[in-house]
Amino acid sequence: MTTPTIVLKPSSNPRSAAERGAILADPGYGRHFTDHMVQIRWTEGRGWHDAELVPYAPLSIDPATMTLHYAQTIFEGLKAYKQPDGTVATFRPDANAERFRASARRMAMPELPADLFVAACDALVEHDRAWVPDTDGSALYLRPFMFATEVGLGVRPSNEFLFMVIAFPAAAYFAGGVKPVSVWLSEDYVRAVKGGTGSAKTGGNYAASLAAQAQAAGHGCDQVVWLDAVERRWVEEMGAMNLYFVYGAEGERRRILTPELTGTLLPGVTRDSLLTLARDLGYVVEEGRISTEDWQRDVAAGTLTEVFACGTAAVVTPVGSVKSAKASWVHGDGGPGEVTMRLRKALVEVQTGRAADPHGWMHRLG
Ligand SMILES: *Cc1c(COP(=O)(O)O)cnc(C)c1O
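- As recorded in an unreviewed UniProt entry, the protein chain goes by the name Branched-chain-amino-acid aminotransferase, listed as coming from Streptomyces polychromogenes.
- Under the heading Sequence similarities (unreviewed entry), UniProt records this for the protein chain: "Belongs to the class-IV pyridoxal-phosphate-dependent aminotransferase family."
- Listed in UniProt under the heading Cofactor (unreviewed entry), the comment for the protein chain reads: "pyridoxal 5'-phosphate".

Here you go:
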């Protein structure tokens, strides 16, 4: 089966520069979508076909479409950034393409070839490049996703799927500066178990997280921290972001630890990029494990000095304070840590083209 090329059928009435300008002045997050979308169909026996870029529009689907009932669906998230020379570049789209294939395998879905995934993202960014914001900290967020489109309620893998890419302009996640978050250690709910779907980017993981997030909010916390499902003590992730722990005080050699990928964590592209960037900056970097008792004890002892979360949406976010049913504690003075902010800056400078890109992470679109 051959890889299809994307047929371009752009909109004959895209929004005016004035309408776009009004949206870009206050884009919010995931509220206003660009003028186009890409869609590619997959059918058993035929493979990928009917790849096209079309005007953004609602879908009409049968009520018995499998996805609506059995959640055979996966997604990705990546960003396109305006570069100083006026061009646009996406950050590591090949890494998202590979993770999308891994998610597809776990969910018994067809694997979209990585070059087609990247070509679909490129086509959308090229046609909607006027939607890439250029204010500080903003970017065009791309949402590739795929879902089962077969109609029928028998439980088995669908024999047809729709892959799509849509995009929205995203303001800086935290307007007015980087604000540390407070976290709730979830001991009632778990996100993932070994053998489950924790390492796949699939909608069901998110649906299952909402009650825990509501519980965290009920305890006055911004985000939930997930612990391992067996012993309920090994730290895994925060909401939909990976976590990093920074040891050592200012002036000392810093050591940075992130929970290892045990199969229950989502392997973040940001997490992976920071492993490399932190080494480049001379930090001792480790993938390992940390328990909630270690976390509390090492903060009290002053050896664990900063904690931060990372992901495409919010880049790097300091964790200011922690609460559980039994205890609560604060990191340093509760403000953003020095290492946290240094790593954040280093990553953002690569993404926005203000620093060199020695690892070839930026995919330039001209
Ligand atoms: C997407 C996601 C992340 C972050 O991944 P990035 O590739 O860095 O954006 C972390 N945890 C979960 C559960 C996620 O879904």
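**Side note on the nonpolar core**
Okay, so step 1: Ranked by size, the top nonpolar core spans 39 residues in total, and within it Val38, Ile40, Trp48, Phe117, Leu140, Met146 and Phe163 carry the most contacts.
Okay, so step 2: Elements with a contribution of two residues or more to this core: strand 2 (36–43), strand 3 (47–55), strand 5 (78–82), helix 3 (93–106), helix 4 (114–127), strand 7 (139–148) and strand 8 (160–170).
Okay, so step 3: Among the elements that line this core, the one with the most residues is helix 4, at 9 residues.

**Let's talk about helix 7 (residues 292–301)**
Okay, so step 1: Within the sequence span of helix 7, burial applies to Thr292, Trp295, Asp298 and Val299. Across the axial projection of helix 7, the buried residues extend over an arc of 140°, all falling on one side. Turned more than 90 degrees away from the buried face of helix 7 sit Ala300 and Ala301, all of them exposed.
Okay, so step 2: Gly302, located one to two residues past helix 7, shows a positive phi value of around 85°.

**Some thoughts on a nonpolar patch on the surface**
Okay, so step 1: Residues Leu59, Ile61 and Leu68 make up a contiguous nonpolar surface patch of roughly 270 Å² in combined accessible area.
Okay, so step 2: Owing to a relative accessible area of 41%, Ile61 belongs among the partly exposed residues under this scheme.

**Observations concerning the site of the ligand**
Okay, so step 1: Around the ligand sit 14 residues, and of these Lys201, Tyr206, Glu237, Thr270 and Thr312 come closest.
Okay, so step 2: With respect to the ligand, the backbone of Ala240 contributes an N or O atom lying 3.4 Å from a nitrogen atom.
Okay, so step 3: The contact in question runs from an oxygen atom of the ligand to an N or O atom on the side chain of Thr312, over 2.7 Å.
Okay, so step 4: Relative to its unbound accessible surface of 380 Å², the ligand loses 96% to contact with the protein.
Okay, so step 5: Of the residues that constitute the shell around the ligand, the class distribution is 5 nonpolar, 5 polar and 4 charged.

**Here's the deal with the packing of helix 6 (residues 269–280) against helix 8 (residues 338–351)**
Okay, so step 1: At a minimum axis separation of 10 Å, helix 6 and helix 8 run at an interaxial angle of 105°. Viewed along their axes, helix 6 and helix 8 adopt a mutual orientation that is roughly perpendicular. In this structure, helix 6 uses Thr270, Ser273, Leu274, Leu277 and Ala278 to contact helix 8, whose residues at the interface are Leu343, Ala346 and Leu347.
Okay, so step 2: Here the residues of the contact of helix 6 with helix 8 are counted per class, giving 6 nonpolar, 2 polar and no charged.

**Structural notes on unusual backbone geometry**
Okay, so step 1: Residues other than glycine seldom take positive phi values, yet Asp50 does so here, at roughly 50°.
Okay, so step 2: The partly exposed category is assigned to Asp50, whose relative accessible area is 45%.
Okay, so step 3: Despite not being glycine, Ala71 shows a phi value in the positive range, around 60°.
Okay, so step 4: Looking at where Ala71 falls in the secondary structure, it is placed in the loop between helix 2 (66–70) and strand 4 (73–75).

**Here's the deal with the pairing of strand 12 (residues 241–247)**
Okay, so step 1: The element strand 12 is largely enclosed, with a buried count of 7 among its 7 residues.
Okay, so step 2: Two elements, strand 11 (residues 235–238) and strand 12, share 2 bridges in a ladder whose sense is antiparallel. Bridge assignment links Glu237 to a residue of strand 12, and that residue is Asn242.
Okay, so step 3: Relative to strand 15 (residues 304–311), strand 12 is paired through 6 bridges, and the arrangement is antiparallel.

**Brief notes about the packing of aromatic side chains**
Okay, so step 1: Under the counting rule described, the total for this entry stands at 15 aromatic pairs.
Okay, so step 2: Ring geometry for Tyr244 against Phe308: centres 5.0 Å apart, planes inclined by 10°, an arrangement best described as stacked. Taken as a pair, Tyr244 in strand 12 and Phe308 in strand 15 lie far apart in primary sequence, 64 residues in all. The same class applies to Tyr244 as to Phe308, namely buried.
Okay, so step 3: In this structure an aromatic cluster arises from ring pairing among Tyr29, Phe33, Tyr56, Tyr141 and Phe168.
Okay, so step 4: Over the ring of Tyr247 we find Arg255; its NZ or CZ atom is 4.3 Å from the centre of that ring.
Okay, so step 5: Between the NZ or CZ atom of Arg289 and the centre of the ring of Trp234, over which it lies, the distance is 3.7 Å.

Conventions used here
- Residues numbered from 1 in each chain as written.
- Predicted model: local features only at pLDDT ≥ 70, side-chain atom pairs only at ≥ 80, totals over all residues.
- Heavy atoms only, no water.
- UniProt positions renumbered as here; feature names shortened; annotations may be inferred.
- Core = buried A, V, L, I, M, F, W, Y, C linked by side-chain atoms within 4.5 Å.
- Buried < 20%, exposed > 50% of the residue type's maximum accessible area, 1.4 Å probe, protein only.
- Helix = DSSP H or I, 4+ residues; strand = E, 2+ residues; numbered from the N terminus.
- Arc of directions from axis to C-beta.
- Patch = residues over 30% accessible without salt bridge, like charges linked within 9 Å, V, L, I, M, F, W, Y side chains within 5 Å.
- Areas by Shrake-Rupley, 256 points an atom, 1.4 Å probe, with all protein chains shown as cover.
- Salt bridge = Lys/Arg side-chain N within 4 Å of Asp/Glu carboxyl O.
- Near = heavy atom within 4 Å.
- Polar contact = N/O pair within 3.5 Å; in protein donor to acceptor, adjacent residues only side chain to side chain.
- Nonpolar A, V, L, I, M, F, W, Y, C, P; charged D, E, K, R; others polar.
- Axes fitted to C-alpha atoms, helices over the stretch in contact; angles between N-to-C directions.
- Parallel < 35°, antiparallel > 145°, perpendicular 65-115°, else oblique.
- Contact = heavy atoms within 4.5 Å.
- Pairing = 2+ DSSP bridges.
- Phe/Tyr/Trp six-rings, centres within 6.5 Å; stacked < 30°, edge-to-face > 60°.
- Lys NZ or Arg CZ within 6 Å of the ring centre and 35° of its normal.

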